[in-house]
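Summary of the model geometry
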Amino acid sequence: MLLNSLANLQSEKSSHVATMFRLILPSIALLLIICSNRHSAVVSAIGFSIVGYIATDWLIPRVGQSFVKIGLYGKDQSKPGKPVIPESVGAVSATVYLLVMFLCIPFMFYKYMVTTTPGGGIRGASIEENGDLTGNLFPHGKLSEYLSSILCLESTALLGIADDLFDLRWRHKFFLPAIGAIPLLIVYYVDFGATHVLVPTFVQPWVKMTNIDLGWMYYAYMVSMTIFCPNSINILAGINGLEVGQSIVLGILALINDALYLAMGPNASWESHRFSAVIILPFLGVSAALWKWNRWPAKVFVGDTYCYFAGMVFVVVGILGHFSKTMLLLFLPQIFNFVYSCPQLFNLVPCPRHRLPRFNDADWLLYPSRANLKDEPPKAFFKPILRVLHKLKLIDLEFEGDKIVSCTNMTLINLALVWFGPMREDKLCNLLLVLQFFIGIAAILTRHALGLLLFGHDNLWAIV
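Residues numbered from 1 in each chain as written. Predicted model: local features only at pLDDT ≥ 70, side-chain atom pairs only at ≥ 80, totals over all residues. Heavy atoms only, no water.

We now examine the packing of aromatic side chains. Two aromatic rings are characterised by how far apart their centres lie and by the angle between their planes. In the structure shown here, the tally under the stated rule is 17 aromatic pairs. Pairing Tyr218 with Tyr221 gives two aromatic rings, centres 5.7 Å apart and planes at 55°, and the pair type is tilted. Placement of both Tyr218 and Tyr221 in helix 10 (residues 216-235) is noted, with a separation of three residues, approximately one turn of the helix. Judged by its relative accessible area of 7%, Tyr218 is buried. We classify Tyr221 as partly exposed; its relative accessible area is 23%. By the ring-pair criterion, three or more aromatic residues cluster together here, those being Tyr97, Phe228, Phe283, Tyr306, Phe309, Phe314, Phe331 and Phe338. (Phe/Tyr/Trp six-rings, centres within 6.5 Å; stacked < 30°, edge-to-face > 60°. Helix = DSSP H or I, 4+ residues; strand = E, 2+ residues; numbered from the N terminus. Buried < 20%, exposed > 50% of the residue type's maximum accessible area, 1.4 Å probe, protein only.)

As structure tokens, this is what we get:
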């Protein structure tokens, strides 16, 4: 009786806290948005990120069954009984994000549209708040960057929705993100257009130049980035919360990089990193709400829509925020996972349709899944490489005599289980997210340390 009373009291207390939370959050969001009119677009973005969180969190439980009714559902392979839950719910987050970014436009450019322009169709001069004429024009370049970003993300979300609906083959969808990124690359070409890279100081006496213009090769690199980032998040997936979790960690790392530049970087870099923060903050809001429902034990699956959309968010801020090389360093775990998966992706080793870890009903733990090499042997030249990988503890092989009969599937998820042993799904996800965060922090620190070492200066500390 006493236990029941305590349970009811605890439930009632949790209900009151949730109610207060629902009342306080919108109030904070409204306050931030109103106060940002004359000050900072970043403050406005924080307010809209809270709006995005509230809207996404409210919508997901209400539309989940509608997804199931139209056939968008999946079975959670790592749960007893393999329960059926809604699939492709990441489309809700993507849609809310786009709507929030539309609403954000007037607040981002408020001071130019209302307080510092003469009006009457005149664009030749602006009026500051004290009434003095200046030469500050409306920032059409920034508006074009912002709109091209939204167009790019909208196109990518549509690609993801098409993939979830029609289950497109890899060879059909692999290059499609590059087409969606064309507006982004056009704006980069028109407004910025930098395609040169610095030459390390110790090489400069030999080549007689301080930088090299890569020209079209730099655009090829950015196109490759538009293909890799969305697909890499889609490949490193398969356990509850991992797709959204890694995207949230990447967003936090990008914000840390932005904060460093805004606090210590040259004035010339502030606009780019403000833009990056404005794009990322609402993304974190909608992602946090999705993670609430997708983390272990998942109530919804995110689908390919979210993976493509999230990856393209980082492409947008990397390219238009002018730190695409640093952004790629934050993707080191995804790069490793892709390279590590290549033998199976290119059929040097048999690749099962699903390479998810194997779930054991008895103990609720995940074990590394395996590829059957007895019925489908690997390419002959790759067998010695498998033995080397086994000795390096990068895979686990099973033998019958001297013959290899199976190997663990080559994904970072399975590798973590090979290294650390079987574990519950939520602990495995948390381990991978912690790994992602600390590798990202190390990448940011190494990038700026190497800048000083290789070039004698770093753009975080000095104007170049």
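The next point concerns the environment of Val203. Along the polypeptide, Val203 turns up in the loop between strand 5 (196-198) and helix 9 (204-207). According to the relative accessible area criterion, Val203 is partly exposed, its value standing at 25%. A C-alpha to C-alpha distance of 9.8 Å links Val203 and Phe455, two positions 252 residues apart in sequence.

So, on to a positive patch on the surface. Residues Lys383, Arg387, Lys391 and Lys403 make up a contiguous surface patch of positive charge. The element best represented in the positive patch is helix 16 (residues 383-391), accounting for three residues. For Lys391, the location among the structural elements is in helix 16. Given a relative accessible area of 72%, Lys391 falls into the exposed group. (Patch = residues over 30% accessible without salt bridge, like charges linked within 9 Å, V, L, I, M, F, W, Y side chains within 5 Å. Areas by Shrake-Rupley, 256 points an atom, 1.4 Å probe, with all protein chains shown as cover. Salt bridge = Lys/Arg side-chain N within 4 Å of Asp/Glu carboxyl O. Lys, Arg positive; Asp, Glu negative; His and termini not counted. Charge placed at Lys NZ, Arg CZ, Asp CG, Glu CD.)

Here the focus is the packing of helix 3 (residues 90-108) against helix 13 (residues 303-320). Contact pair helix 3 / helix 13: the axes reach a minimum separation of 7 Å and the direction vectors enclose 40°. In terms of their interaxial angle, helix 3 and helix 13 are classed as oblique. For the pair helix 3 and helix 13, the contacting residues are Gly90, Ala91, Ser93, Ala94 and Tyr97 in the first and Thr305, Tyr306 and Phe309 in the second. Residues of the contact of helix 3 with helix 13, tallied by class, amount to five nonpolar, three polar and no charged. (Axes fitted to C-alpha atoms, helices over the stretch in contact; angles between N-to-C directions. Parallel < 35°, antiparallel > 145°, perpendicular 65-115°, else oblique. Contact = heavy atoms within 4.5 Å. Nonpolar A, V, L, I, M, F, W, Y, C, P; charged D, E, K, R; others polar.)

Before going further, it helps to spend a moment on the pattern of salt bridges. This structure, assessed with the given rule, holds nine salt bridges. In this structure, Glu425 and Lys79 form a salt bridge, with 2.7 Å as the shortest nitrogen-oxygen distance. A residue pair is termed long-range when its members are at least 10 positions apart, and Glu425 in helix 18 (residues 425-455) and Lys79 in the loop between strand 1 (73-75) and strand 2 (84-86) qualify at 346 residues. Assessed through its relative accessible area of 7%, Lys79 is described here as buried. Residues participating in the shared-partner salt-bridge network are Asp76, Lys79 and Glu425.

Glancing now at a nonpolar patch on the surface. Side chains of Leu176, Ile179, Ile182, Ile186, Tyr189 and Val190 sit close together on the surface and give an oily, nonpolar patch of about 610 Å² of accessible area. At the level of secondary structure, the elements contributing two or more residues to the nonpolar patch comprise helix 7 (176-180) and helix 8 (182-191). Here the nonpolar patch takes four residues from helix 8, the largest share from any one element. For Val190, the position within the fold is in helix 8. According to the relative accessible area criterion, Val190 is exposed, its value standing at 58%.

Ranked by size, the top nonpolar core spans 99 residues in total, and within it Tyr97, Tyr146, Met327, Leu386 and Leu428 carry the most contacts. For this core, the leading source of residues is helix 13, giving 12 residues. (Core = buried A, V, L, I, M, F, W, Y, C linked by side-chain atoms within 4.5 Å.)

All right, on to the pairing of strand 11 (residues 403-408) then. For strand 11, a buried count of five out of six residues is recorded, marking the element as mostly surrounded by other parts of the structure. In terms of strand pairing, strand 9 (residues 370-372) meets strand 11 through three bridges, oriented antiparallel. Looking across to strand 11, one finds that Asn372 is bridged to Ser406. As judged from the four bridges shared by strand 10 (residues 397-400) and strand 11, these two strands associate in the antiparallel manner. Note that in strand 11 the partner of Leu397 across the bridge is Cys407. Between strand 10 and strand 11, which pair antiparallel one after the other, the connecting turn spans two residues, and Gly401 there sits at a positive phi close to 70°. (Pairing = 2+ DSSP bridges.)

Let's shift gears to empty space enclosed by the protein. In this approach, a probe sized like a water molecule rolls over the atoms, and the result shows the empty space that is left. Tallied over the full model, the rule gives one cavity of 30 Å³ or more. If you add up the space inside the largest cavity, you get close to 60 Å³. If you go around the largest cavity, the residues you meet are Leu236, Leu242, Gln246, Pro333, Leu412, Leu432, Leu433, Leu435 and Gln436. Only helix 11 (242-264) and helix 18 provide two or more residues apiece to the lining of the largest cavity. (1 Å grid on protein atoms, 1.4 Å probe; cavity = no way out; pocket = protein on both sides within 12 Å on 5 of 7 lines; lining within 4 Å. Points joined across faces, edges and corners; volume = space filled by probe spheres on them.)

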